[in-house]
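Each chain, written out:
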Amino acid sequence: MVLRWIIVLFCCSSWAVYGLLDNRVLNSLTEMISEMKDIDYGNPQLRKVYDYVIVGAGPAGCVLANRLSEDPTVSVLILELGRGERPAFAEPPMLGPMLMGSDYSFGYETERQKYGCLGLTDQKCSWTHGRGVGGSSIINNIIYTRGNRRDFDKWARAGMEGWSWEEVLPYYRKIERANIKDFDQNGAHGKTGRVSVEDCPFRSEVADAFVAGAAETGYPYLDYNAGDTLGVSYLQAHSKRGHRVTAGTAYLKDVRHRPNLHISTRSWATEILFKEDNKEATGIRFTKNKRWNTVRARKEVILSAGAFETPKLLMNSGIGPAAELRRHGIRVVQDLPVGRRVYEHGGVFGPVFIMRNGSRNEQNLLSLEQVLTVDEILRFRNGEGPLTSNSIESLLYVKSPYAADPDPEMPDVEVMQSFVSMSFDSSIATRIAYRLPDALVREYYDPLIGVRNFMFLPMLLKPHTVGRVELKSRNPFHHPLFQYQYFEDERDVEALVYSIKEVLRIAQSEPMQRLGIELYDRPVPGCQHLTFNTDDYWRCHVRILTTTFQHQVATSRMGPVGDPDAVVDPRLRVRGIGRLRVVDAGIIPEPPSAHTCAMSYLIGEKAADMIKQDNQ
């Protein structure tokens, strides 16, 4: 896919030389070629001491760097392992899978699975996380969901003061520059924030039919970002005119020249430094350009390296479960349950449907080659066409009988509707990103090539399964070890099967049937021995075609004072250590009813205010 993208740009530039493109097209292509370079965040001459040292430029870290450096008297350093994004490749949402296999991503994978991911390469799921200025917002699916109000109110009732829905809603408004057609005036959205949130410019006939069909079968049409989520709606995305908006472009690109803000890329933090009594953090040790460096923080060290790298850095520095640290020969600074919990939103590819009555426009969505053309690239530049979409168009929130929360308004499964399936991408990018073996693709997806088809992706919001993140060794450059088994709790499979059956029920609605859809009835390899479309078949399908949505949380868990399972308090201060905070998705205490990008922005904005208040 990358090669094809480059070839198209090269050909266009060649045609321009011979006068075959008009000035408007030429200008657009010239901009695209310039965007093939990394955004330059500079190479500052680093100081020995800053007021704040931030580790990690993911969504929360980028917010912090911007907000803390608003005061020109305060000096801020942000250390980021990766580099600046390349807009030509990062901005088209459909190229996300390609970036998941690039150096903008940690190549994490689970341990070999026993109950899920059974059809994937080595029976492992991908647990990749983004790296670079923008973090996972560079490689994710641009899905912007805040979560159900009940998540936050539950935190507040448990003693996490300041985190109720009414208290976080102003921050959500502050983040957004929203353009949501049907819900623009409901008071839930911001209009002046830094993150563009919009309806996707492109919408297939499938999206309209599914939303109408779900409404016809009993699901309310609602704004799932206004607090209540049980229902159906079109996708809200962090994009601007269909171009991906990352944390880097939203929060750092326009302020990167502030004299009091230094952004140091290619900088790998390896150790937190402490005072002699080990009760206060004083700085960070890191590598850059193959050299060791140390930097001191006058006020605070803030870890925003993500749900995996933050706990790894804490444990490598002596903050974590004492027994595990001693096992690796690490001196114990503070015995805390770092990494003792990790939750993940597991899900499944499918079911897949074939469409017989789609319009001519729908027949132009058979393959990536059809949308990766000069005309479509120019349409994308103008904020139009399928390249402005990541393929996910609408979301359905379902309450299954297997949900732990008795509240009837708290869904436990989200179903994503995609206008394509895996047969759409003929390159290897998608199958590598999701660890789909060639043999499975040939047998299950290749028969769909040239056939208009689409799929659904049910995602478990409230898993019963819980795992751990541990150190592989004391080497700070080793990946963490993930002790997590999908579907260890059978209820997780049953909830996903229930959601699949809800999709099948909606598929019988008049709006869906008008498209002439039919369920793709080829059994997935490994489930041929079961009668297709029975509960047992779908249980098998879920276990074979398991997928991940990269929403791991709770590794640096937030909790009230006195909570033995908490790593940080409600102000995100690490327990027992002064001047050290964690500000990233790892603090989320339980699996949220949201994708984690929006929540990471929220955590960054709220933490910035708390840090300013605590350091007055």
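Residues numbered from 1 in each chain as written. Predicted model: local features only at pLDDT ≥ 70, side-chain atom pairs only at ≥ 80, totals over all residues. Heavy atoms only, no water.

1. A few points about the sheet that holds strand E5 (residues 176-179)
- Pairing in this open sheet of three strands is mixed, and the strands run E5-E6-E8 from one edge to the other. The sheet is open, and its two edges are formed by E5 and strand E8 (236-237), each paired on a single side.
- With two bridges joining them, strand E6 (residues 195-199) and E8 adopt antiparallel strand pairing. Paired with Asp199 across the bridge in E8 is Gln236.
- Along the sheet face, helix H7 (residues 165-175) touches E5 and E6 and points at about 75° away from the line of E5. (Pairing = 2+ DSSP bridges. Helix = DSSP H or I, 4+ residues; strand = E, 2+ residues; numbered from the N terminus. Contact = heavy atoms within 4.5 Å. Axes fitted to C-alpha atoms, helices over the stretch in contact; angles between N-to-C directions.)

2. Overview of helix H10 (residues 306-316)
- H10 sits mainly inside the fold: 11 of its 11 residues count as buried.
- Positive backbone phi, at 100°, marks Gly318, one or two positions downstream of H10. (Buried < 20%, exposed > 50% of the residue type's maximum accessible area, 1.4 Å probe, protein only.)

3. Overview of the pattern of salt bridges
- Under the counting rule described, the total for this entry stands at 43 salt bridges.
- With a shortest N-O distance of 3.5 Å, Arg149 and Asp228 are connected by a salt bridge. Placement of Arg149 in helix H6 (residues 149-157) and of Asp228 in the loop between helix H8 (205-216) and strand E7 (232-234) is noted, with a sequence separation of 79 residues between them.
- Where Glu324 meets Arg340, a salt bridge forms, and the shortest distance between an N and an O atom there is 2.9 Å. Within this pair, whereas Glu324 is found in helix H11 (residues 322-327), its partner Arg340 is found in the loop between strand E16 (334-335) and strand E17 (346-348), the two being separated by 16 residues in sequence. (Salt bridge = Lys/Arg side-chain N within 4 Å of Asp/Glu carboxyl O.)

4. Description of the confidence of the model for the protein chain
- Mean pLDDT over the protein chain: 92, with 94% of residues reaching 70 or higher.
- Every residue in residues 1-21 is under pLDDT 50, and counting partners more than four places away or in other chains gives 40 contacts. (pLDDT = per-residue confidence, 0-100.)

5. Some remarks on the packing of helix H3 (residues 59-68) against helix H19 (residues 596-614)
- Contact pair H3 / H19: the axes reach a minimum separation of 8 Å and the direction vectors enclose 35°. For H3 against H19, the interelement crossing comes out right-handed. Within the contact between the two elements, H3 uses Pro59, Ala60, Val63, Leu64, Arg67 and Leu68 and H19 uses Cys597, Ser600, Tyr601, Gly604, Glu605, Ala607, Ala608, Ile611 and Lys612.
- For the contact of H3 with H19, the per-class residue count stands at 10 nonpolar, two polar and three charged. (Left-handed = near helix turned anticlockwise from the far one by under 90°. Nonpolar A, V, L, I, M, F, W, Y, C, P; charged D, E, K, R; others polar.)

6. Re the state of the cysteines
- According to the stated counting rule, one finds two disulfides in the structure shown.
- In this model, Cys117 is linked to Cys125 through a disulfide, with the two sulfur atoms separated by 2.3 Å. On the S-S bond that ties Cys117 to Cys125, the torsion sits near -100°, and the link is left-handed. Across the pair, exposure class does not vary: Cys117 and Cys125 are buried alike. (Disulfide = S-S within 2.5 Å.)

7. Some words on the environment of Val497
- Relative to the assigned elements, Val497 resides in helix H16 (residues 490-507).
- Separated by 242 residues in the primary sequence, Val497 and Val255 have C-alpha atoms spaced 47 Å apart.

8. Concerning the pairing of E6
- Burial of E6 is extensive: five of the five residues sit out of reach of the surface.
- Strand direction decides the pairing type here: E5 and E6, joined by four bridges, are parallel. Bridge pairing links Arg177 to Ser196 in E6.

9. As for the side chain of Ser304
- Relative to the helices and strands, Ser304 resides in the loop between strand E14 (291-303) and H10.
- Its relative accessible area of 4% is what places Ser304 among the buried residues.
- In this structure the side chain of Ser304 is engaged in a polar contact, spanning 2.8 Å, whose partner is the backbone oxygen of Val583.
- In this structure, Ser304 is in contact with Ile54, Val55, Gly56, Gly58, Ala60, Gly61, Leu64, Thr310, Val583 and Asp584, ignoring residues within four places of it in sequence. (Polar contact = N/O pair within 3.5 Å; in protein donor to acceptor, adjacent residues only side chain to side chain.)

10. Digging into H6
- The set of residues buried in H6 consists of Asp151, Phe152 and Trp155. Taken around the axis of H6, the buried residues stretch over an arc of 90°, which confines them to a single face.
- On its buried face, H6 sits against H7 and H19.
- Its side-chain oxygen placed 2.9 Å from the backbone nitrogen of Arg150, Asn148 serves as the N-cap of H6.
- Directly after H6, the chain includes Gly159, whose backbone phi takes a positive value near 110°. (Arc of directions from axis to C-beta.)

11. Some thoughts on the nonpolar core
- Counting 95 residues, the largest nonpolar core has Phe349, Leu396, Leu436 and Leu545 as the members making the most contacts within it.
- Residue contributions to this core peak at nine residues, all from H16.
- Every residue in contact with Phe349, bar those within four places of it in the chain, is listed here: Met422, Tyr434, Leu436, Tyr445, Met455, Phe456, Leu457, His541, Leu545, Thr546 and Thr547.
- Among the nonpolar cores identified, the runner-up in size contains 91 residues, and Val245, Val333, Val338 and Met558 belong to it. (Core = buried A, V, L, I, M, F, W, Y, C linked by side-chain atoms within 4.5 Å.)

12. Focus on the packing of aromatic side chains
- Using the criterion set out here, one finds 32 aromatic pairs in the structure.
- Measuring from centroid to centroid gives 5.0 Å for Phe106 and Tyr108, while their planes differ by 5°, and the two rings are stacked.
- Looking at Phe106, the relative accessible area reads 6%, which means it is buried.
- Relative to Phe454, the ring of Phe353 has its centre 5.7 Å away and its plane inclined at 15°; by these criteria the two rings are stacked. Here Phe454 lies in strand E21 (residues 453-460) and Phe353 lies in strand E18 (residues 352-355), a separation of 101 residues in the sequence.
- Exposure remark for Phe353: the relative accessible area of 3% places this residue in the buried category. (Phe/Tyr/Trp six-rings, centres within 6.5 Å; stacked < 30°, edge-to-face > 60°.)

13. Quick look at the pairing of E14
- Sheet topology places strand E1 (residues 49-55) next to E14; six bridges connect them, and they run parallel. Paired with Val53 across the strands is Val301, a residue of E14.
- Direction of pairing for strand E13 (residues 281-288) relative to E14: antiparallel, over a ladder of six bridges. Paired with Phe286 across the two strands is Asn293, which belongs to E14.
- Taking the residues between adjacent antiparallel strands as the criterion, E13 and E14 are bridged by two residues, where Asn289 takes a positive phi near 55°.
- Two strands pair when backbone bridges link them, and E14 and strand E26 (residues 580-582) are joined in this way by three bridges, in the parallel orientation.

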